[in-house]
Amino acid sequence: MTLLDRPLRSGILAAADNALVRRMVTRYGMRLGARRFVAGESADEFLDAARSANARGFSVAATLLGESVRERAETLAVTDEYCRLLDAFAGGGLDANVAFKLTHVGLDIDPEIAFENAARIADAAAAHGNTMRMDMEQSRYVDATLAVYRRLRERRANVGFVLQSYLHRSEADLTAMLPLAPSVRIVKGAYLEPADVAHPNKRDVDANYVKLVEVALSHDGYTAIATHDPAMIEHAARFAAQRGLPKQGRFEFQMLYGIATPLARSLLDRGYRVRLSIPYGAYWFPYLMRRLAERPANLAFFLKGALSPR
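Cut-offs and rules
- Residues numbered from 1 in each chain as written.
- Predicted model: local features only at pLDDT ≥ 70, side-chain atom pairs only at ≥ 80, totals over all residues.
- Heavy atoms only, no water.
- Helix = DSSP H or I, 4+ residues; strand = E, 2+ residues; numbered from the N terminus.
- Buried < 20%, exposed > 50% of the residue type's maximum accessible area, 1.4 Å probe, protein only.
- Areas by Shrake-Rupley, 256 points an atom, 1.4 Å probe, with all protein chains shown as cover.
- Expected span 1.5 Å × (residues − 1).
- Contact = heavy atoms within 4.5 Å.
- Polar contact = N/O pair within 3.5 Å; in protein donor to acceptor, adjacent residues only side chain to side chain.
- Arc of directions from axis to C-beta.
- Axes fitted to C-alpha atoms, helices over the stretch in contact; angles between N-to-C directions.
- Parallel < 35°, antiparallel > 145°, perpendicular 65-115°, else oblique.
- Left-handed = near helix turned anticlockwise from the far one by under 90°.
- Nonpolar A, V, L, I, M, F, W, Y, C, P; charged D, E, K, R; others polar.
- Pairing = 2+ DSSP bridges.
- Salt bridge = Lys/Arg side-chain N within 4 Å of Asp/Glu carboxyl O.
- pLDDT = per-residue confidence, 0-100.

*Asks:* Please give an account of the overall build of the chain that cites residues and values.
*Replies:* Along its length, the chain carries 12 helices and eight strands. Sorting the 310 residues of the chain into buried and exposed places 53% on the buried side. As displayed, the chain offers around 13600 Å² of accessible surface, 55% of which is attributable to carbon and sulfur atoms.

Here is the structure:
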């Protein structure tokens, strides 16, 4: 991240908390460009996008957008939705799994509620021979998320979690999980965190990302390499080849829906498994703002759609 990018990113994330910005983007954003990053608001729209991605050779990870739920009934509805998605994947022969935030299924209410709901989703996935993954949120949720993962992993092998390379603690967290042969997704991280918690400089975030990928690929388990950085992708591909890992079976590349599509296509053409993370749902505004904050090019795309004559 450059010196110019940091204040821009901070400004976008601050705007995400502004009620006026929220109202305007929520009202007009989908037709102005948000649909590039979000499949739509309904499960049917998501399933159409998933079928299209599968037809082009991509695997899919489904995310119903939402977080920080405070009502138990809503957590049950979210859990039901994920279970229905897993049934739909099996019934429609889709190459897709699910990924969700634990605060969307009750972590802010009670960790036990989150565990019970996550276990239901894991059981539904296992019934169809499928997998699920718990996304990582702000640093204050890391311990609770990893604790839920450990409990689920004692019961089933089809569960996964995420580590963020901008957090200082992530290498230690990964090392602690290695005896479980974990399914881990490595990302950079998209939240604002203080310097004593997270690396403030992009160079350090990138270096830690490479280190986490190398550690994960050097041990048993499954690694999802989630990045749009061509140099990091090539490094991971070379490292895997040097270790004699096949192009499919021990790791995959993951990219966000609507971003770096030519790069994703080129990896497919080279024989790698590539999974697109496709979000959907009414709660798309915070997701969109984080995507805009990550890369100025994303913001430019969105503003171009907003300013183009219709």
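*Asks:* Residue-level account of helix H5 (residues 111-127), with values.
*Replies:* Look at H5: 24 Å from first C-alpha to last across 17 residues, which is about the 24 Å you get at 1.5 Å a residue. For H5, every residue scored as buried is listed here: Ile113, Ala114, Phe115, Asn117, Ala118, Ala119, Ile121, Ala122, Ala124 and Ala125. Buried residues along H5 sit against helix H4 (72-92), strand S2 (96-101), strand S3 (132-135), helix H6 (142-155) and strand S4 (159-164). Measuring from the side-chain oxygen of the N-cap residue of H5 to the backbone nitrogen of Glu112 gives 2.9 Å; that N-cap residue is Asp110.

*Asks:* Mind laying out helix H9 (residues 230-242), listing which residues take part and the relevant values?
*Replies:* With 13 residues, H9 should reach 18 Å at 1.5 Å per residue; the first-to-last C-alpha distance of 18 Å fits that figure. Among the residues of H9, Met232, Ile233, Ala236, Ala237, Phe239 and Ala240 are the ones counted as buried. The buried residues of H9 occupy an angular sector of 165 degrees when projected down its axis, which confines them to one face. Turned more than 90 degrees from where H9 packs its buried face, Ala231, Ala241 and Gln242 sit exposed. Summarising the contacts, the buried residues of H9 are in contact with helix H8 (202-217), strand S6 (222-226), strand S7 (251-256) and helix H10 (261-269). Where H9 begins, the capping side chain belongs to Asp229, and its oxygen is found 2.9 Å from the backbone nitrogen of Ala231. Directly after H9, the chain includes Gly244, whose backbone phi takes a positive value near 75 degrees.

*Asks:* So, the packing of H4 against H5: which residues are in play, and what are the values?
*Replies:* Each pair of packed helices gets described by two things: the angle between the helix axes and the distance between those axes. It is at 9 Å that the axes of H4 and H5 come closest, and there the two elements cross at 15 degrees. Comparing their axes, H5 and H4 come out roughly parallel. The hand of the H4/H5 crossing is right-handed. In this structure, H4 contributes Arg72, Thr75, Leu76, Thr79, Asp80, Tyr82, Cys83 and Leu86 to the contact, and H5 contributes Ile113, Glu116, Asn117, Arg120, Ile121, Ala124 and Ala125. Considering only residue class, the contact of H4 with H5 consists of eight nonpolar, three polar and four charged.

*Asks:* For the sheet that holds S3, give the residues involved together with the corresponding values.
*Replies:* On the basis of which strands lie adjacent, the closed barrel formed by eight strands has the order S1-S2-S3-S4-S5-S6-S7-S8 and parallel pairing. Averaged over all neighbouring strand pairs, the angle between strand axes comes to 30 degrees, with direction disregarded. Running at roughly 160 degrees to S7, H10 makes contact with S7 and strand S8 (274-280) of the sheet.

*Asks:* Outline the pattern of salt bridges, listing residues and values.
*Replies:* Enumeration according to the criterion identifies 19 salt bridges in this entry. For Arg51, the salt bridge goes to Asp48, with nearest N and O atoms at 3.0 Å. Separated by three residues within a single helix, Arg51 and Asp48 lie in helix H3 (residues 43-55), roughly one turn from each other. Asp95 is the partner of Arg273 in a salt bridge, and the nearest nitrogen-oxygen pair spans 3.1 Å.

*Asks:* How would you sum up the confidence of the model for the chain? Please name residues and give values.
*Replies:* The predicted coordinates of low-pLDDT regions are not to be read in fine detail. Per-residue confidence for the chain gives a mean pLDDT of 88, with 82% of residues at or over 70. Scored below 50 in pLDDT, residues 301-310 makes 15 contacts in the model with residues more than four places away or belonging to other chains.

*Asks:* An account of the environment of Tyr222 is needed here, citing residue identities and associated values.
*Replies:* Examined against the element boundaries, Tyr222 turns out to sit in strand S6. Between the C-alpha atoms of Tyr222 and Arg185, which are 37 residues apart in sequence, the distance is 8.5 Å. A polar contact of 3.5 Å, which involves the side chain of Tyr222, links it to the backbone oxygen of Phe251.

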